[in-house]
Amino acid sequence: MRVVALVNQKGGSGKSTLAACLAVAAQEAGERVFLIDMDPQKSLLKWGHRRQDKNMPVEAVMAAKLEAAIAALARGRVTLVIVDTPATDSPAADAAMRAADLCLIPARPTIFDIWASEATRGKLKTLSKDYAFVLNQCPPLQESQRVSDGAAAVEAMGGLLRPFVVARVDYQEAAREGMGVTEIDTEGKAAEEVRHLWSSLKRRLSRLKHAEKGARRAA
Ligand SMILES: Nc1ncnc2c1ncn2[C@@H]1O[C@H](COP(=O)(O)OP(=O)(O)OP(=O)(O)O)[C@@H](O)[C@H]1O
Ligand SMILES: [Mg+2]
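Residues numbered from 1 in each chain as written. Chains lettered and ligands numbered in written order. Predicted model: local features only at pLDDT ≥ 70, side-chain atom pairs only at ≥ 80, totals over all residues. Heavy atoms only, no water.

The protein chain appears in an unreviewed UniProt entry as Chromosome partitioning protein from Methylovirgula ligni.

Laid out in structure tokens, this is it:
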């Protein structure tokens, strides 16, 4: 079982949107997914209520209970836990970072948003946590100068998961319906990019697994 946390102290960067869409894409690819919502805003929990999917539970968990909740899930059949966090430097975000195998930092490709993400990145470095940025709400022209500059900045800060996620109404429609973009328009561009993002994330998670095995062998 793997634990992925979506973190960024900057509000509105797309943590909840990507948590939901990646969860659905991962489920479609065969993962048994469990979602944890640590944000008092409860966006993901509300999305889950609308969704009513018994194969993808969404639960609110407090910081103090996260470790035990994840340990309990690890004893069951779940293969992927996705944790959504609040946009604050809070015990909840802290606990999620500590519990995660990999943290994803969604950020809009603007300099203010990237600067604001640095605090989160700094915390993850202090915790020696594996992390990757995801550029979200990018303008449709993928290689615009603004997006390229944003990509270069976050790459310099420690890694970028591709592809860029473009600003598209499908993300907003899907959220409203308790769905993922891969369900709202299965052949649409948003669906394609989220499937691609899940593949990149999966590859990244399997690299972690190999690195762990290597470290165990060396020990
Ligand atoms: N790729 C996208 N295209 C279009 N709209 C998007 C996209 N990603 C996110 N949004 C919209 O941007 C807003 C903020 O997204 P979201 O709530 O997922 O961010 P968040 O980081 O979870 O915010 P918070 O920090 O408040 O929890 C929402 O209205 C969402 O629908
Ligand atoms: Mg949110």
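1. Points about the overall build of the protein chain
Check the secondary structure of the protein chain and you find nine helices and six strands. In terms of overall dimensions, the protein chain is globule-like: its C-alpha atoms have a radius of gyration of 16 Å, near the 17 Å expected for 219 residues. On the principal axes, the C-alpha backbone points of the protein chain span a range of 45 × 40 × 30 Å. The buried share among the 219 residues of the protein chain stands at 49%. (Helix = DSSP H or I, 4+ residues; strand = E, 2+ residues; numbered from the N terminus. Rg over C-alpha atoms; globule rule 2.2 N^0.38 Å. Buried < 20%, exposed > 50% of the residue type's maximum accessible area, 1.4 Å probe, protein only.)

2. Some words on the sheet that holds strand β4 (residues 80–84)
Hydrogen bonds between backbone atoms are what pair the strands of a sheet, whose relative direction is either parallel or antiparallel. Strand order across the open sheet formed by six strands is β3-β2-β4-β1-β5-β6, with parallel pairing between neighbours. Of all the strands in the sheet, just β3 (58–60) and β6 (131–135) have a single pairing partner and so form its edges. Direction aside, neighbouring strands of the sheet carry axes that sit 25° apart on average. Here three bridges tie strand β2 (residues 33–37) to β3, and the two strands are oriented parallel to one another. Following the sheet pairing, D37 is matched in β3 by A60. (Pairing = 2+ DSSP bridges. Axes fitted to C-alpha atoms, helices over the stretch in contact; angles between N-to-C directions.)

3. Here we look at the pairing of strand β1 (residues 2–6)
In terms of burial, β1 is a largely internal element, five of the five residues being buried. Judged from the five bridges that link them, β1 and β4 form a sheet pairing that is parallel. Across the sheet, residue L6 finds its bridge partner in β4, namely D84. Summarising the sheet, β1 and strand β5 (residues 102–107) pair through three bridges and their orientation is parallel. Across the sheet, the residue bridging to L6 is L104, located in β5.

4. A word on the site of ligand 1
For ligand 1, the set of nearby residues contains 18 residues, the closest of which are K15, S16, T17, N136 and Q172. The separation between an oxygen atom of ligand 1 and a polar side-chain atom of Q41 is 3.1 Å. For ligand 1, the protein covers 79% of the area, taking 630 Å² as the surface of the free molecule. A per-element tally of the shell around ligand 1 places helix α1 (residues 15–28) first, with three residues. Residue composition of the shell around ligand 1, by class: five nonpolar, ten polar and three charged. (Near = heavy atom within 4 Å. Polar contact = N/O pair within 3.5 Å; in protein donor to acceptor, adjacent residues only side chain to side chain. Areas by Shrake-Rupley, 256 points an atom, 1.4 Å probe, with all protein chains shown as cover. Nonpolar A, V, L, I, M, F, W, Y, C, P; charged D, E, K, R; others polar.)

5. Thoughts on a nonpolar patch on the surface
Nonpolar side chains collect at one region of the surface, where I111, F112 and W115 lie side by side and expose about 370 Å² of accessible area between them. Inspection of the secondary structure puts I111 in helix α5 (residues 111–126). (Patch = residues over 30% accessible without salt bridge, like charges linked within 9 Å, V, L, I, M, F, W, Y side chains within 5 Å. Salt bridge = Lys/Arg side-chain N within 4 Å of Asp/Glu carboxyl O.)

6. Here we look at the UniProt feature "domain: CobQ/CobB/MinD/ParA nucleotide binding" (unreviewed entry) in the protein chain
Per the UniProt record, "domain: CobQ/CobB/MinD/ParA nucleotide binding" (unreviewed entry) is annotated on residues 4–113. The distance separating the terminal C-alpha atoms of residues 4–113 is 21 Å; by composition the span is 43% helix and 20% strand. (UniProt positions renumbered as here; feature names shortened; annotations may be inferred.)

7. Focus on the pattern of salt bridges
Proximity of charged atoms lets side chains of opposite charge pair with each other. Scanning all chains against the criterion turns up eleven salt bridges. Notably, a salt bridge pairs R108 with D113, separated by 2.8 Å at the nearest N-O pair. Classification of D113 by relative accessible area gives buried; the value is 8%. We note a salt bridge from E173 to R176, for which the minimum N-O separation is 3.1 Å. Pair noted here: E173 and R176 are both in helix α7 (residues 169–177), with a separation of three residues, about one helical turn. A relative accessible area of 33% means that E173 is categorised as partly exposed. With relative accessibility at 45%, the residue R176 sits in the partly exposed group. The structure contains a network of salt bridges with shared partners spanning D89, D94, R98 and K123.

8. Examining the state of the cysteines
Following the criterion strictly, the structure yields zero disulfides and no others. Here C21 stays free of any disulfide, with the sulfur of C138 as its closest cysteine sulfur at 15 Å. In this structure C21 comes out as buried when scored by relative accessible area, which is 3%. C103 carries a free sulfur, and the closest cysteine sulfur to it, the one in C21, is 19 Å from it. With a relative accessible area of 0%, C103 lands in the buried category. (Disulfide = S-S within 2.5 Å.)

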